[in-house]
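Each chain is listed here by its residues.
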Amino acid sequence: MRHRLILDNITHTFEDGGMQRTVLDHLNLQVSEGELVAVMGPSGSGKSTFLSIAGALLEPTSGGVLLDGEAIAGKQKQALSEIRLNKIGFIFQSANLIPYLKVEEQLMLVAKLGNMNKVKANERIKKLLHKLGLDHRRSAYPHRLSGGERQRVSIARALMNDPAVLMADEPTASLDASRGMDIVRMIAREAKERGKSGIMVTHDERVLPLCDRILYLENGRLIDNKHK
């Protein structure tokens, strides 16, 4: 099975009070299409740094990142922006919706940034909102939505340009158990049905049965759950 995301020998260091601190230490990860991987670890273990590098938001000190076979480290800012827009779907702890845009407008904005044909964009919006049970909320503003609905809109937005990789950062943190399970179930289903790779940083042990693999970030490296 094809690996849609590969992190190869990633090291990341930064200066802290005159000392050189290593956050990630020759970290390796391969995520196959259709696979959802959970990454856990204590606060300060480097999970945010890991996700930022995997999502082309931060350049590693050394090592390489391959997305759909394309090396992304060292690319110019504009090229990285296009990769993030078209190849990576981000789902955050907070939905981060634009308060003055209706649900359909949130998605249309992503389509416009990705130069998607308007007819195709409207079809995609209709399909995504139906799939995520949001047909009736199409014209609603974010303040009229429940927490679960806002998070579902953020999933729809992440999927709008049909990215190769989904990255979720604590997506269930602001939700109750039932809604949290629903959200992760949707992410896992999207990865399976559409052949995407999914990475989810989480503290929520309730959703782990929905993941294909559980990894722990310790001492700058990812450790398989079986070896804990």
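Not measured: the values here are computed from a predicted model.

K.L.:
I keep staring at the packing of helix H3 (residues 103-113) against helix H4 (residues 118-131) and nothing clicks. Help me out?
P.N.:
Packing of H3 against H4 leaves a shortest axis separation of 10 Å and a crossing angle of 135°. As far as their axial angle goes, H4 and H3 are oblique. Along this stretch, H3 crosses H4, giving a crossing that reads as right-handed. Contacts between H3 and H4 involve Val103, Glu104, Leu107, Met108 and Ala111 on the former and, on the latter, Lys118, Ala121, Asn122, Ile125 and Leu129.

K.L.:
Would you mind showing me how to read the pattern of salt bridges here?
P.N.:
Opposite charge on two side chains permits pairing when their charged atoms draw close. Applying the stated rule across the entire model yields 14 salt bridges. Two residues, Arg4 and Asp68, come together in a salt bridge whose shortest N-O distance is 2.9 Å. Of this pair, Arg4 sits in strand S1 (residues 3-16) while Asp68 is found in the loop between strand S4 (62-67) and strand S5 (70-71), placing the two residues 64 residues apart along the sequence. Each of Lys131, Asp162, Glu190, Glu193, Arg194 and Lys196 takes part in salt bridges that share partners, so that together they form one network.

K.L.:
What is the right way to look at unusual backbone geometry in this model?
P.N.:
Excluding glycine, residues mostly have negative phi values, and the peptide bonds linking residues are mostly trans. At Asn115, a residue that is not glycine, the phi angle is positive and equals roughly 55°. Classification of Asn115 by relative accessible area gives exposed; the value is 70%. Of note, Glu170 is a non-glycine position whose phi angle comes to about 50°, a positive value. With respect to the helices and strands, the residue Glu170 is situated in the loop between strand S7 (165-169) and helix H6 (177-194).

Reading the values: rules and limits
Residues numbered from 1 in each chain as written. Predicted model: local features only at pLDDT ≥ 70, side-chain atom pairs only at ≥ 80, totals over all residues. Heavy atoms only, no water. Axes fitted to C-alpha atoms, helices over the stretch in contact; angles between N-to-C directions. Helix = DSSP H or I, 4+ residues; strand = E, 2+ residues; numbered from the N terminus. Parallel < 35°, antiparallel > 145°, perpendicular 65-115°, else oblique. Left-handed = near helix turned anticlockwise from the far one by under 90°. Contact = heavy atoms within 4.5 Å. Salt bridge = Lys/Arg side-chain N within 4 Å of Asp/Glu carboxyl O. Buried < 20%, exposed > 50% of the residue type's maximum accessible area, 1.4 Å probe, protein only.

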